[in-house]
Amino acid sequence: MCKFSGIVFLLLCSMSTIFGQSNNCLSKSQMYEDFDEFYSIMADVNPQLTVRYKVTGINILDSIKKMRTNIDTITNEVSFAELIYKSIKMCNDLHCNLIEDEKLLLHFHKDSIITNNIIDLITKTEQKIFQQKTRLRLILSYDSGSYYNIGKFNIIFENRRDSLPSGAEILSINGNSIDFWLSDKNLIREYRWDNKLQKKYCQIRGNLYIDKNDTICIKYKNHNKIDSIFYLVKKTGISVFGGAYVFNSVDEIGYVNFFDNEKILYIRLPKMLSDNYPFVDSIIAKGTGKSIKKVIIDIRRNGGGGDDVWMNILSAIIKDTIRFDAPIGLRCTEASKIAMQKNNRWEEWDSLKSSPIEIAMLNNEKFTTVNWGEPIAPNGKSLNYTGKIYVLQDRMIFSSAGSLSNIAYLCENIVSVGENTGRLLGFGINPLLFALPNSHLTFSMEPVIELTNKGNSNWEYFHDNVEIYIPTTIEQTIKNFNAEPMDNGTIYTKDYLFNEDSVFQKVLQLE
C-alpha cells in the first residue's frame, strides 16, 4: 500500500469511529499481510531468538507462528492489535515494544493522523486486554524458585483487618501457583531466566494479573505455618507501603564520596544520565591528591541510559587505556540490511563491518560484525588510578548499565560484584523501528547481539556473568524495601554501606 492510500485509509477509519460505525478497518487479508510481515521481521532480523531458545528451550518464533491461526476468529482491528501486542511480549526484550510516543510522529514524518490513530488503537487494545483481568498489588521477590512477599500488604475487609506477613512465601493465588499465572498470560513486561534452576521468573512489582475474579484467596507459608488471606475485590481497602529498594527513584541523582579511613572512592551511579549531577567533576575533585586503595562504582537499580556516562567516569579514573575486543553481530540477511537502511544506520555499519561469520553454537547463523566501541583512554585530569575498580550490581540493572557490567567481565582490573540479572545483556546499538504496512503498528527492536563467548557455552551469549556473586537474602530485601531514602533519593548512604550492605562489605574484605 502506498503512503498516500495508507493515510486515506486511516482517515476513513477515524471518520467511521467519529460517526459511530464499527471500528473494523482492517480486512482479513490485511491482517494476514501485517502478521506475516511481523513474523518475517522476527525470523530474519531478531538476533536474540536462537540464543534464547538454546538457553531456555523456549522457541519464541514457533510460538509466534502459532498465533497466526487466531486471525481466523478476529473480527476487528483492536483484536488484531492484541495479537501483535502479545506476540511482541513473547520476544521478552525490554527493547522490543510497541511505540506510542513522540517517536511515532518522527517515524511517520510528523503525520499526526497516522500517529494519533496508532496511539488510539494501542490504548483501546490495552483496555481490552486488561479489562478481563484483576491486578494484584503484591510486591514479591523471587528466590530459588519461590516468591516471597516483601511489602507491607494490608487489607480492610468487612471491618476486619488482615495483612500478608513480610517474608511469607506465596504458595497459591485462587488455587494456582505464581508460575501458573505467569505462564501464558503475556501481560508481564519481561521474564528473567534462572540458569541454575533452568526456569523463567519475574520481578513482581504490583504488576501481577490474574483472571478477573470478585474474590482473592492468597495461600502462603510463614515460619513453617500455612495460612491464607481472603477478601472481596470491590469491598476491600488495600494499602501497600515501602518501595525504596525495588522502584527506581526519579529523585535519586547519585553522588561521589571519598571514605578517608578505608581510602575508597565511592561513586553512586543510579542511572546513566549525567545532566543532574556532574560525576566527572566530582570524581576529580574528591580523588585528586588522595591515596586511593579502591574505587567502587555502584550501579544497583540502574536501568540504563547513555554509554558515554560510564565511559567518561572510567576516563576520569584510569591511568592506562582500557582496550577490549567485543564483536557485535547483525543477522546476515537482506531484511536486516533493509532495516538498517530505513533507519539511516547502514552507511556507518557498512563502513565498519567485517566479513560474515557463522556461529556454530547458534545453529550456524551468519552475522556481519563490527567491534563495539572504542578504547577508553584517560582524560587530561584523570586520577591515574591503577588499582581495582569494583562495580556493584543487582538484578535490576539493564541496557547501558549491563554494558558496564560486561566491561568488568572483559577487563582484568574491573570486577563486578553482586547478583546476576536473569536478562540478556551485552553491548548493542539503539533499537530500530519497524512499521507494519496496513495497521501501521510500529515496534522497536534491538538488531544486534554481542558475540563474545569466553566460556564456550550458550549461556555466555546472555552476558549476565557477575564475577563475585553475592546474593541478597529475602530478609535483606525486606529491610531495603522499607528503608527510607535520604534527601538525595538513595538508601545507599555511608551508614547503610558500612553497616547494612553485604555487597559493599564484601568489597571491603577483598585485597
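Described in the following lines is the structure provided in the data block. (Residues numbered from 1 in each chain as written. Predicted model: local features only at pLDDT ≥ 70, side-chain atom pairs only at ≥ 80, totals over all residues. Heavy atoms only, no water.)

Turning our eyes to something else, we now look at the overall build of the chain. Helix and strand counts for the chain come out as 16 helices and 25 strands. Projecting the C-alpha coordinates of the chain onto the three principal axes gives extents of approximately 75 × 70 × 40 Å. Buried positions account for 52% of the 511 residues belonging to the chain. At a minimum sequence separation of 6, the contacts of the chain that also span at least 24 residues come to 74%. Put simply, the chain shows about 23,300 Å² of open surface, and 48% of that area lies on carbon and sulfur atoms. Computed over 57 positive and 60 negative side-chain charges, the inter-centroid distance for the chain is 4 Å. (Helix = DSSP H or I, 4+ residues; strand = E, 2+ residues; numbered from the N terminus. Buried < 20%, exposed > 50% of the residue type's maximum accessible area, 1.4 Å probe, protein only. Contact = heavy atoms within 4.5 Å. Areas by Shrake-Rupley, 256 points an atom, 1.4 Å probe, with all protein chains shown as cover. Lys, Arg positive; Asp, Glu negative; His and termini not counted. Charge placed at Lys NZ, Arg CZ, Asp CG, Glu CD.)

With respect to the helices and strands, Arg395 occurs in the loop between strand S20 (389-393) and helix H13 (400-410). From its side chain, Arg395 meets the backbone oxygen of Tyr142 in a polar contact 2.9 Å long. Side-chain polar atoms of Arg395 contact the side chain of Gln203, separated by 3.4 Å. (Polar contact = N/O pair within 3.5 Å; in protein donor to acceptor, adjacent residues only side chain to side chain.)

This paragraph deals with the sheet that holds strand S17 (residues 327-331). Judged by pairing direction, the sheet is antiparallel, and its four strands sit side by side in the order S18-S19-S17-S24 without closing on themselves. Here the strands that pair on one side only, and so sit at the sheet edges, are strand S18 (357-359) and strand S24 (448-450). On average, each strand axis in the sheet is inclined to that of its neighbour by 45 degrees, with strand direction left out of account. Sheet analysis places S18 next to strand S19 (residues 365-371), joined by three bridges and oriented antiparallel. In the strand pairing of S19, Glu358 is matched with Lys366. (Pairing = 2+ DSSP bridges. Axes fitted to C-alpha atoms, helices over the stretch in contact; angles between N-to-C directions.)

Here we take up the nonpolar core. By size, the foremost hydrophobic cluster in this structure holds 107 residues, and its most contacted members are Ile267 and Ile297. Sequence-distant contacts of Ile267, defined by excluding residues within four places in its chain, comprise Tyr255, Val256, Phe279, Ile283, Val295, Ile296, Ile297, Asp298, Ile313 and Ile317. (Core = buried A, V, L, I, M, F, W, Y, C linked by side-chain atoms within 4.5 Å.)

Attention now moves to the packing of helix H4 (residues 60-67) against helix H5 (residues 77-90). With their axes 9 Å apart at the nearest point, H4 and H5 run at an angle of 170 degrees to one another. Comparing their axes, H5 and H4 come out roughly antiparallel. Between H4 and H5, the residues in contact are Ile60, Ser63, Ile64 and Met67 and Leu83, Lys86, Ser87 and Met90, respectively. (Parallel < 35°, antiparallel > 145°, perpendicular 65-115°, else oblique.)

For an α-helix the count is 3.6 residues per turn, leaving residues at separations of three or four pointing the same way. Within the sequence span of helix H10 (residues 307-315), burial applies to Val309, Trp310, Met311, Ile313, Leu314 and Ser315. Against the buried residues of H10 lie strand S15 (264-268), helix H9 (279-287), strand S16 (294-298), S20, H13 and strand S21 (414-418).

Now for the packing of helix H2 (residues 28-44) against H5. Look at H2 against H5: their axes get within 11 Å of each other, and the N-to-C directions meet at 10 degrees. Considering the angle they form, H2 stands roughly parallel to H5. Residues Met31, Asp34, Phe35 and Phe38 of H2 pack against Glu77, Phe80, Leu83, Ile84, Ser87 and Ile88 of H5. For the contact of H2 with H5, a count of residues per class yields seven nonpolar, one polar and two charged. (Nonpolar A, V, L, I, M, F, W, Y, C, P; charged D, E, K, R; others polar.)

This part covers the pairing of strand S23 (residues 442-445). On S23, burial covers both faces: Thr442 and Ser444 on one face and Phe443 and Met445 on the other are all buried. Taken together, the four bridges between strand S22 (residues 432-435) and S23 define a ladder with antiparallel strand orientation. The partner of Leu432 across the bridge, within S23, is Met445. What sits between the antiparallel neighbours S22 and S23 is a turn of six residues, in which His440 has the positive phi angle 65 degrees.

Moving on, we come to the packing of aromatic side chains. Throughout the structure, instances matching the rule amount to 21 aromatic pairs. Between the aromatic rings of Phe130 and Tyr209, the centroid separation amounts to 4.8 Å while the plane-to-plane angle is 55 degrees, which identifies the pairing as tilted. Of the two residues, Phe130 sits in helix H7 (residues 112-130) while Tyr209 sits in strand S10 (residues 208-211), which places them 79 residues apart along the sequence. For Phe130, a relative accessible area of 23% puts it in the partly exposed group. (Phe/Tyr/Trp six-rings, centres within 6.5 Å; stacked < 30°, edge-to-face > 60°.)

On inspection of all chains with the given rule, the structure shows 20 salt bridges. Between Lys128 and Glu82 there is a salt bridge whose closest N-O contact spans 2.5 Å. Of the two residues, Lys128 sits in helix H7 while Glu82 sits in helix H5, which places them 46 residues apart along the sequence. Since its relative accessible area comes to 32%, Lys128 is described here as partly exposed. Measuring nitrogen to oxygen at the nearest pair gives 2.6 Å for the salt bridge that ties Arg300 to Asp501. With a gap of 201 residues between them, Arg300 in the loop between S16 and H10 and Asp501 in the loop between helix H15 (494-499) and helix H16 (502-509) connect regions that are remote in the sequence. By relative accessible area, which is 4% here, Arg300 ends up buried. Residue class for Asp501 comes out buried when judged on its relative accessible area of 2%. Connected through shared salt-bridge partners, Glu252, Arg268, Asp298, Arg300, Arg301 and Asp501 make up one network. (Salt bridge = Lys/Arg side-chain N within 4 Å of Asp/Glu carboxyl O.)

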